[in-house]
Amino acid sequence: MTLTSLWTRRSSTQAAKITGALAGTLLLAGCGAQNSAAGDASASASEARVTVVASTNVWGDVAESVGGEAVEVTSIISDPSQDPHSFEASSTTLLTLSKADLVVQNGGGYDDFMQRMTDSSGSEATVLTAVDLAGSTALDSEDANEHVWYDLASVERMTDAIARELARAYPDGAQHFSARAADLKRDLAGLRKQVAEVHTRVAGSRIGITEPVPLLLTEACGLLDATPPDFSEAVEEGDDVSPAVLKETLDLYADRSVSALVLNEQTSGPITEKVEAAAREAGVPVVAVTETLPAGLGYVEWMGDTLSRLRAALEGQ
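Residues numbered from 1 in each chain as written. Predicted model: local features only at pLDDT ≥ 70, side-chain atom pairs only at ≥ 80, totals over all residues. Heavy atoms only, no water.

Novice: Could you give an account of helix 11 (residues 243-254), with specific residues and numbers?
Specialist: With 12 residues, helix 11 extends 16 Å from end C-alpha to end C-alpha; this agrees with the ideal 16 Å at 1.5 Å per step. Taken together, the buried positions of helix 11 are Val245, Leu246, Thr249, Leu252 and Tyr253. The arc that holds the buried residues of helix 11, viewed along the axis, is 110 degrees, so those residues lie on one side. Turned more than 90 degrees off the buried face of helix 11, the exposed positions are Pro243, Ala244, Lys247 and Ala254. Of the surrounding secondary structure, the elements contacted by the buried residues of helix 11 are strand 5 (206-209), helix 10 (229-237), strand 7 (260-264) and helix 12 (270-282). After helix 11 finishes, the residue Arg256 shows a positive phi value of roughly 50 degrees. (Helix = DSSP H or I, 4+ residues; strand = E, 2+ residues; numbered from the N terminus. Expected span 1.5 Å × (residues − 1). Buried < 20%, exposed > 50% of the residue type's maximum accessible area, 1.4 Å probe, protein only. Arc of directions from axis to C-beta. Contact = heavy atoms within 4.5 Å.)

Structure, rendered in structure tokens:
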């Protein structure tokens, strides 16, 4: 069932409220304040929004950036300390999904609970899956990296898809959604420039990782992962790491044969703590990354901060 057909079942009063809110927003944009106006629709919009449910606050933030005050976004996982791989959905999740007009998920096995719960809820929402829209050639292989929010091309494609589906839900808001999507894509272009600068300065540097989460970004920067695949794959899957593989990994830092450790601090454990300790003892910089947005940061700020810290760590070597 399309979002358009879902929207037609809403009352004319509800639609009128969004029309008024968006009209106010677009009028402000026409007065030369497009960037701020796109996100400052009147309070009446809160009474009737397109309901979006995202698996994590990463995709939730992208959806909110595109929809502004015309959408109500709920992110199922928003706690930076929560490991999305081990998330257990509840009846509350089921209820939330049952009310969605649009579901935004990552896919690729990362957040399988979303599709299962969406199906169980009886929801007729449109579902957008980031991995299906991904723009990275790294996803063409059997060992594809599903952490596509670290791939800017994939985020751009998801931005366009969200704008398109929101416009189908509410055609009168198409200009509003298109303008906000264009703003976000300009910000993403700024991140692309930042990636290019990191590539120019430190491409070819060898790094260690604890798991493959950031590799789509580090590879775009021209960085070489020196971690034994058996180590990072075991950590990601929650499997045991053999003594031989652990020693090979720890030796990377003892020998200072890598210039930085990129550590997923959202899934720490005894093994990754040993690796972090080895890096710090050897004076190898540690760059922490996460799988969800830290408190107070939007996607663009988060990714920009990650790139800045990565560059600083590698240029200091």
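Novice: Give a description of a negative patch on the surface that names residues and reports values.
Specialist: Judged by side-chain charge, Asp230, Glu233, Glu237, Asp239, Asp240 and Glu248 come together as a negatively charged surface patch. Top element by residues in the negative patch is helix 10. It accounts for 3 residues. If you trace the backbone, Glu233 turns up in helix 10. The exposure class assigned to Glu233 is partly exposed, which follows from its relative accessible area of 43%. (Patch = residues over 30% accessible without salt bridge, like charges linked within 9 Å, V, L, I, M, F, W, Y side chains within 5 Å. Areas by Shrake-Rupley, 256 points an atom, 1.4 Å probe, with all protein chains shown as cover. Salt bridge = Lys/Arg side-chain N within 4 Å of Asp/Glu carboxyl O. Lys, Arg positive; Asp, Glu negative; His and termini not counted. Charge placed at Lys NZ, Arg CZ, Asp CG, Glu CD.)

Novice: Go over the pattern of salt bridges, please, and point to the residues and values.
Specialist: Counting across every chain of the model gives 11 salt bridges. Among the salt bridges present, the one from Arg192 reaches Glu156, with a minimum N-O distance of 2.9 Å. Highlighted residues: Arg192 in helix 8 (residues 174-202) and Glu156 in helix 7 (residues 152-169), separated in sequence by 36 residues. Residue classification places Arg192 among the partly exposed positions, given a relative accessible area of 39%. Since its relative accessible area comes to 16%, Glu156 is described here as buried. With its nearest N and O atoms 3.0 Å apart, the salt bridge here joins Asp160 to Lys185.

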